[in-house]
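Examination of the molecular architecture
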Amino acid sequence: MAPRPLSPLVLALGGAAAVLGSVIFILWKTYFGRGRERRWDGGEAWWGTEPARLPEWDEWDPEDEADEEPALEELEQREVLVLGLDGSGKSTFLRVLAGKPPLEGHIPTWGFNSVRLPTKNFEVDLLEIGGSQNLRFYWKEFVNEVDVLVFMVDSADRLRMPWARQELHKLLDKDPDLPVVIVANKQDLSEAMSVVELQQELGLQAVDNQREVFLLAASIAPAGAGFENPGTVHIWRLLLELLS
Ligand SMILES: Nc1nc2c(ncn2[C@@H]2O[C@H](COP(=O)(O)OP(=O)(O)OP(=O)(O)O)[C@@H](O)[C@H]2O)c(=O)[nH]1
Ligand SMILES: [Mg+2]
């Protein structure tokens, strides 16, 4: 059968997607500005619910970060890309880091979303690109631009775990040196997969063990009181460790 010409609607959507991709890319470049070489020396892959070499939860004092404040223009920049399927909790993570309460319900990100957080020695720019299917195509354009990738997973979304795995591996293949923090989010839900299950389901055993890949269990927006999973603070501490 002869190939059919693309319908005007498909062409229009394709054009819109291409324009959206360029807009995201230009905004990213404008917002974050400068290209920079990464500083990674490599390291060992590590698995578990607790990040290695991090201070204990109760040792963390947010005041520490504000002890000495160099002038803003002196601060170096670090870039963190936050990806993951739609509804996995990326916007919630950025909101909580920015000190805002999680939103009720899922409001999809139709483009990108960012937050800039100053620390003692550098500023951290976190960029979320929405996880809906039409935006996933653009993810790979950004992985070479950043210092760390956070890949958010809804641990209770068992049906779509193969999709999460596929997208994750595309990104891992795109940049073999990029440190990756995989967040096994929504551990507060009863149907959530454990990190051991996720290690299997996400195909992480196959990842080169010289690569820096971390898998952290978290409940970023816990539905109830009393949860004890490491959450946003632990992820943040690990990011600071990797970015230093
Ligand atoms: N139970 C539970 N719900 C969570 C958790 N984290 C986020 N959510 C909820 O999951 C839903 C989706 O969260 P978002 O942060 O909007 O997801 P997203 O990854 O930004 O989605 P897109 O922008 O569409 O890619 C919201 O209703 C959140 O409140 C968690 O740890 N536990
Ligand atoms: Mg979002």
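Residues numbered from 1 in each chain as written. Chains lettered and ligands numbered in written order. Predicted model: local features only at pLDDT ≥ 70, side-chain atom pairs only at ≥ 80, totals over all residues. Heavy atoms only, no water.

Let us look at the site of ligand 1. Neighbouring residues of ligand 1: 23 residues in total, closest Lys 90, Thr 92, His 106, Thr 109 and Gly 131. Within the side chain of His 106, a nitrogen or oxygen atom sits 2.7 Å from an oxygen atom of ligand 1. Note that an oxygen atom of ligand 1 is positioned 3.0 Å from one of the side-chain N or O atoms of Glu 128. In isolation ligand 1 offers 660 Å² of accessible surface; the protein chains occlude 91% of this area. Element by element, the count of residues in the shell around ligand 1 is highest for helix H3 (residues 90-97), at 3 residues. Here the shell around ligand 1 is composed, by residue class, of 6 nonpolar, 12 polar and 5 charged. (Near = heavy atom within 4 Å. Polar contact = N/O pair within 3.5 Å; in protein donor to acceptor, adjacent residues only side chain to side chain. Areas by Shrake-Rupley, 256 points an atom, 1.4 Å probe, with all protein chains shown as cover. Helix = DSSP H or I, 4+ residues; strand = E, 2+ residues; numbered from the N terminus. Nonpolar A, V, L, I, M, F, W, Y, C, P; charged D, E, K, R; others polar.)

Moving on: the pairing of strand E3 (residues 122-129). Among the 8 residues of E3, 8 are classified as buried, and the element is accordingly described as predominantly covered. Burial along E3 is two-sided: Phe 122, Val 124, Leu 126 and Glu 128 and Glu 123, Asp 125, Leu 127 and Ile 129, pointing in opposite directions, are all buried. The pairing of strand E1 (residues 76-83) with E3 spans 7 bridges and is classified as parallel. Its bridge partner being in E3, Gln 77 is matched across the sheet by Glu 123. Hairpin connection of strand E2 (residues 112-118) to E3: 3 residues between the antiparallel strands. (Buried < 20%, exposed > 50% of the residue type's maximum accessible area, 1.4 Å probe, protein only. Pairing = 2+ DSSP bridges.)

The next thing to look at is the coordination of the magnesium ion (ligand 2). For the magnesium ion (ligand 2), the protein coordination sphere consists of Ser 91 (OG), Thr 109 (OG1) and Glu 128 (OE), at 2.1 Å. Sequence positions of the residues that donate to the magnesium ion (ligand 2) give the spacing S-x17-T-x18-E. With Thr 109 in the loop between H3 and E2 and Glu 128 in strand E3, the pair connects residues that are 19 residues apart, well separated along the chain. On the basis of relative accessible area, Glu 128 is assigned to the buried category, the value being 2%. (Donors = N, O, S within 2.8 Å, 3.2 Å for Na, K, Ca; no water.)

Bringing the pattern of salt bridges into the picture now. Under the counting rule described, the total for this entry stands at 9 salt bridges. Measuring nitrogen to oxygen at the nearest pair gives 2.9 Å for the salt bridge that ties Arg 78 to Glu 76. Its relative accessible area of 7% is what places Arg 78 among the buried residues. Arg 158 is the salt-bridge partner of Glu 197, the closest N and O atoms lying 3.5 Å from each other. Linking Glu 197 in helix H6 (residues 195-201) with Arg 158 in the loop between strand E4 (148-154) and helix H5 (161-174), this pair joins segments that are 39 residues apart in sequence. Salt bridges linked by common partners bring Asp 86, Arg 136, Asp 157 and Arg 160 together as one network. (Salt bridge = Lys/Arg side-chain N within 4 Å of Asp/Glu carboxyl O.)

Compared with the 16 Å implied by 1.5 Å per residue over 12 residues, the 16 Å span of helix H7 (residues 232-243) between its first and last C-alpha is a close match. Burial analysis of H7 places 10 of its 12 residues in the buried class, which makes it a mostly covered element. Listed in full, the buried residues belonging to H7 are Thr 232, His 234, Ile 235, Trp 236, Arg 237, Leu 238, Leu 239, Leu 240, Leu 242 and Leu 243. (Expected span 1.5 Å × (residues − 1).)

So, on to the nonpolar core. Among the nonpolar cores identified, the biggest contains 32 residues, and Leu 81, Leu 83, Phe 151, Leu 168, Ile 182, Leu 198 and Leu 202 are the most heavily contacted of them. Residue assignment for this core shows that the elements contributing at least two residues are E1, E3, helix H4 (133-139), E4, H5, strand E5 (180-185), H6 and strand E6 (213-217). Top element by residues in this core is H5. It accounts for 5 residues. Non-local contacts of Leu 81, meaning those with residues more than four positions away in its chain, are made with Leu 127, Ile 129, Trp 139, Phe 142, Val 143, Val 146, Val 148, Leu 149 and Val 150. (Core = buried A, V, L, I, M, F, W, Y, C linked by side-chain atoms within 4.5 Å. Contact = heavy atoms within 4.5 Å.)

Mapped onto the elements, Thr 232 comes out in helix H7. For Thr 232, a relative accessible area of 11% corresponds to the buried category. In this structure Thr 232 touches Phe 93, Val 96, Leu 97 and Ile 220, once residues within four positions along its chain are discounted.

Remember, this is a structural readout, not a statement about activity or role.
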